[in-house]
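Spelled out, the chains give:
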Amino acid sequence: MPPLTALWIKDSRAMSNLRRILRQESVFKLIFILAFAMGLMGGFFVLFLDAFRFLSGLGGVSFLITRRLFSFFYLGLGGMLALSNIVTTYSTLFRSRETSFLLTAPVDIRSLVTYKYLESTLLSSWAFLFLIIPFTAAYTWHEHLGLLFAVWTAAFALPFVLLCGGIGTLLALVAVRWAPRGRLFRWLAVACLLAIAIRPLLQFRPVSLQDQASFVLNRLLPGLQAASHPMAPNQWTAEGILSLTGGEYARGAMFWLTLVGNMLLLSLAIQWLGTRTFFSAWQRVTGEGSATRRPPELLGWLEPALRFLPHDIRGMILKDIRAFLRDPLQWSQALIFFGLLAIYFGSFRTFRYDELPDIWRNLIVFLNIFSVASVICSLASRFVFPQLSLEGHSFWILGLAPTGMRRILMTKFLLAATAILLVSTTLMALATWMLQVGPGLKAISIGVAITISISVSALSTGLGAIFLDLKQPNPVAIISGFGGTMNLALSLGLMLASIIPLASSGIGTFKAESRTTPLSRGTSRPQSGFCSSP
Amino acid sequence: MIHVQALDKSYGTVHAVRNLSFDVPAGELFCFLGPNGAGKTTTIKMLTGLLRPDRGVIRIGGYDIATDPVAAKTLMGYIPDMPFLYEKLTPVEFLKFIADLYNIKEASTRRRIDDSLQSFGLGEARTSLIGDLSHGMRQRLLYIATFLHNPRVVFIDEPLIGLDPHSIRMIKDLLRQKVRDGMTILLTTHILALAEEIADRIGIISNGSLIALGHMNELRAQAGLEGRLEDIFLKLTTDEAGLSSPGGARRMTAPNI
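So, here's what we can say about the structure.

Here we take up the interface of chain A and chain B. The interface is formed by 24 residues belonging to chain A together with 23 residues belonging to chain B. At the level of elements, α1 (3-24), α4 (97-103) and α11 (249-291) of chain A are the ones that each hand at least two residues to the side of chain A that touches chain B. A per-element tally of the side of chain A that touches chain B places α1(A) first, with 8 residues. For the side of chain A that touches chain B, a count of residues per class yields 13 nonpolar, 6 polar and 5 charged.

Written out as C-alpha cells, the structure reads:
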C-alpha cells in the first residue's frame, strides 16, 4: 500500500477514535465548547455585518471598497496561514517524534514531506475557518445572496489554504536547511525584526486634507490597492468569488484554475525541494543539540538581580525563563505574536489615525483598549494557562521540593503577571502616544490594561492548576481542551465586563455626534476626485 | 546481513563515532555495549537510517542505507529506547497501520495480529487506546509491531526498559527463538548480564571506537581476565579511557553526594 494511503487510513481511524472519546466526554463540556465556538463565530458575524453596513452607508464608493476589501481580507488570511504554517511545519516535520518513527519505516521522503505539508496546513487552517465562515455568512446576509456564494467561497478556500500553507512549508524547508546559525545571525535577525517594527513609528509624512472623507479614503485606498495586486493569490480568490457570484462564470473559472494551477505547482515545488533537502535539514535540526556549545548558565546575570526574592521562588522563575527561551516552539510563536502587533501599531501612522478629529480618535482609543485587552487574553491563554501543565513528567521535582503548592502557584502567577504587564502597558502607552490622546484618556487606558493583565493572569494560572494535564507535552493541545477553552471564554468575558461599561458611553457619544460629522455626510455620495483615483 | 565499514560521525567538535567497521551475519544476536556517550545510540541511528554518517558505508541485507533506504528499511525493524506510539489508536489499529506501511497481505494480517496480541498478553487491551496502556503494555505492543512484518534484521536500543520479570523472560525467549529462525538482531544494553546470557557475539565501543569484538572467550582473552562480562567490560573500557592505575583497573567508588 502506498505510504500516503496508509497514513491517511491511520488518521481517519484516529479521527473516528476522537469522536468516540468525545461521545464519552461530559455533555456539559461539549455544549460549553460548542457554545463558545458558535458564540465566537456569531461575534465575528455581527462585526463583519456591521462593517458591510458601514461601507454601504458610504454610497457609490462602497462597491469599489468592498471589492478591494475582499482582496485585503484574503491577503490577511493568507499571510496568517503562511506565517502559522512556518511554525507548524517546523514542529510537525522537524520536531515531531512521528517523523523519526516514519523514517525507520519504508516511507519515502517524498511521501513523508507531502503528508507533513498537508497535516501542518490542516492544523494551521482552523483560524481561517473561524474567520471565513462568519465573513461569508455576513456578506451573504447583507447582499441577500443565495447559497451559491458559500459554495464558490468553499471552492476557492481549499486551493487558497493549500497555496498559502504551502508557502509557509516551503519557507520552513528553506530556513531549516540553509538559514545560517550562530549568535551573530540571531542578533541580526532580531535587529531586522526590531527595525521592521520601529520603522512605522519613525515615519511621518504630513498630508494636506481637503475634508475628512477624502482624507480617510485617500489613506485607505492605496493600502487596499496594494493588496489587490493582479499576481497575488488573494486577488485571484477575491475576484474569482465575486465574479462567479456576479454570474461571470468564465472569468471566475479562470481565477479558480489559476489558483489551483499555482497550488499544484507549489505542491510539486515542495515535493521537489523536500525530497532533496529534507533529510539534510533534519540532520541539522537533530544534530544541533550535540554540536551546540552553550554557556553553562543562560542569563547568568539575572540571578544576582533576583537575590531579593526567596530562594525557591527565584529558582522557579529562572528555570521557567530559561526553559521558555530554549524552546523554539514557544518563543517563535511569541515572536509571531509581536510581529503581528508591530503591523497593527504600524497601521496607526500608515492610516494617520492621529490626524483624525477627536471624536474618531476617541473611538479608536476605545477600540484599541479592546484590541490590547484581547491580546492580553490571547497571551494568557497561550502562555500562562498551560505553564503548570508543561512541567509534565518533571512535576515531581516541584512536588517533592520543600516548598508549598501555594508558593509554586504564586510564583507562576507573579512571573506571568509581570511579563503580561510589561507587554500590555508598553502596548497601551505606545498606542495612546501614537494616537496623541489626552492625559486623562491615557491614564484610563493604561489603568484598564494593568487591571485586566493582573486579573487575567490570576485567572489563567488558577484554571491552569485546576485543569492540570501533566501527560500532554504539546501546549497547543493543552489550551485547546476543555480547560483551555473555558479559560479563554472566561478571560474574554472578564475583559468585556471591564471594557463595555467604559466603552459604551464613548461609543454612544460617537454615534450621536458622527451623524453630523462631515465624514458621514461627505462619503454618502460618490466623490469625483476619489472615484477617479485607482 | 549487517555490513558496517569505516563509519565516522561528528557533532561539531565532538567525534561521536570513529572509523567503525564490523559485520553481523544472518541468524546472529549481536550485543553492542559501551559506557554512556560512547557512541552506541549514534551508531544504531546511522544503521537505521536516522542519521547520515560523515563517512563510511552501511549495508542492510545488501542494500545501502544511504542510496536505497526504502528497500533497506523494508527488511528491518527498530525498537528505540524511547519509542513513539500513536496514542489515539487502539493496538489493533496501530498494528493494521504497520501492516499497511509494510504492505502485508490483508488476509494474513488479522490472524497474525490476533495471535500476537494473545501471546503477548494484550488480548484484553485490544479495544483500549494506546494512550491508556501501561508502560509495559506499550513496550510489548512495540515488539509485536516490530516483528509483524517478519523483518530480517532488528535493531533494539535497551530492550528491557519498563518490563516486568515475566515479560523480560518472554522477550529473551522470543529474541533467541527469532535468531534460531534466521533473524539478525543487534541490540544495545547496559544490562551486562543480559548480553552475557543471550548474545552470540559482543562488540564494545568506547569513545566512538570499537575496542573489542568477539565471543565471550575472545573477550576474556583480550582483557586477560577470566571473570564475568562485567569485569571484562570495566577492564577494557577503563583501559581505553586512560584511567588505569599501576595497581590495575581503577574502580569507581560511590560518589560522595
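Having seen it, we continue.
All names here are of chain B. Among the 5 residues of strand β8 (residues 184-188), 5 are classified as buried, and the element is accordingly described as predominantly covered. Where burial is concerned, the two faces of β8 agree: the one with T184, L186 and T188 and the one with I185 and L187 are both buried. Sheet topology places strand β3 (residues 29-33) next to β8; 4 bridges connect them, and they run parallel. By the bridge assignment for β8, F30 is matched with L186. Both strand β7 (residues 153-157) and β8 contribute to a ladder of 5 bridges, which runs parallel.

As a further point, take the pairing of strand β1 (residues 2-11) of chain B. Residue and element names in this part refer to chain B. Alignment of β1 against strand β2 (residues 14-24), held across 7 bridges, turns out to be antiparallel. If you follow Y11 over to β2, its bridge partner there is V14. Where β1 hands over to β2, the hairpin turn is made up of 2 residues, of which G12 adopts a positive phi near 60 degrees. As defined by bridge partners, β1 adjoins strand β4 (residues 55-60) across 5 bridges and the pair is classed as antiparallel. Directly across from Q5, in β4, lies its bridge partner V57.

Residues and elements named next belong to chain B. One open sheet accounts for 4 strands, arranged β2-β1-β4-β5; its pairing is antiparallel. Every other strand in the sheet has two partners, leaving β2 and β5 (63-64) as the edge strands with one partner each. Both β4 and β5 contribute to a ladder of 2 bridges, which runs antiparallel. When the sheet's bridge partners are listed, R59 is paired in β5 with D64.

Let us now look at the environment of B:D231. Residues and elements named next belong to chain B. Mapping D231 onto the fold places it in helix α9 (residues 229-240). Judged by local crowding, D231 falls into the partly exposed class, with 15 C-beta atoms found within 10 Å. Considered as a pair, D231 and R220 are 11 residues apart in the sequence and their alpha carbons are 9.4 Å apart.

Moving on to the packing of helix α7 (residues 148-178) of chain A against helix α10 (residues 233-245) of chain A. Residues and elements named next belong to chain A. As a packed pair, α7 and α10 sit with axes 9 Å apart at the nearest point and diverge in direction by 165 degrees. Considered as vectors, α7 and α10 are oriented roughly antiparallel to each other. When the axes of α7 and α10 are compared, the crossing they make is right-handed. Two secondary-structure elements touch here, α7 through F149, W152, T153, F156, F160, L163 and C164 and α10 through P233, T237, G240, I241, L244 and T245. Of the residues in the contact of α7 with α10, the class split is 9 nonpolar, 4 polar and no charged.

Cut-offs applied
Residues numbered from 1 in each chain as written. Chains lettered and ligands numbered in written order. Predicted model: local features only at pLDDT ≥ 70, side-chain atom pairs only at ≥ 80, totals over all residues. Contact = placed C-beta atoms within 7 Å. Helix = DSSP H or I, 4+ residues; strand = E, 2+ residues; numbered from the N terminus. Nonpolar A, V, L, I, M, F, W, Y, C, P; charged D, E, K, R; others polar. Buried ≥ 20, exposed ≤ 12 C-beta atoms within 10 Å, placed from the backbone. Pairing = 2+ DSSP bridges. Axes fitted to C-alpha atoms, helices over the stretch in contact; angles between N-to-C directions. Parallel < 35°, antiparallel > 145°, perpendicular 65-115°, else oblique. Left-handed = near helix turned anticlockwise from the far one by under 90°.

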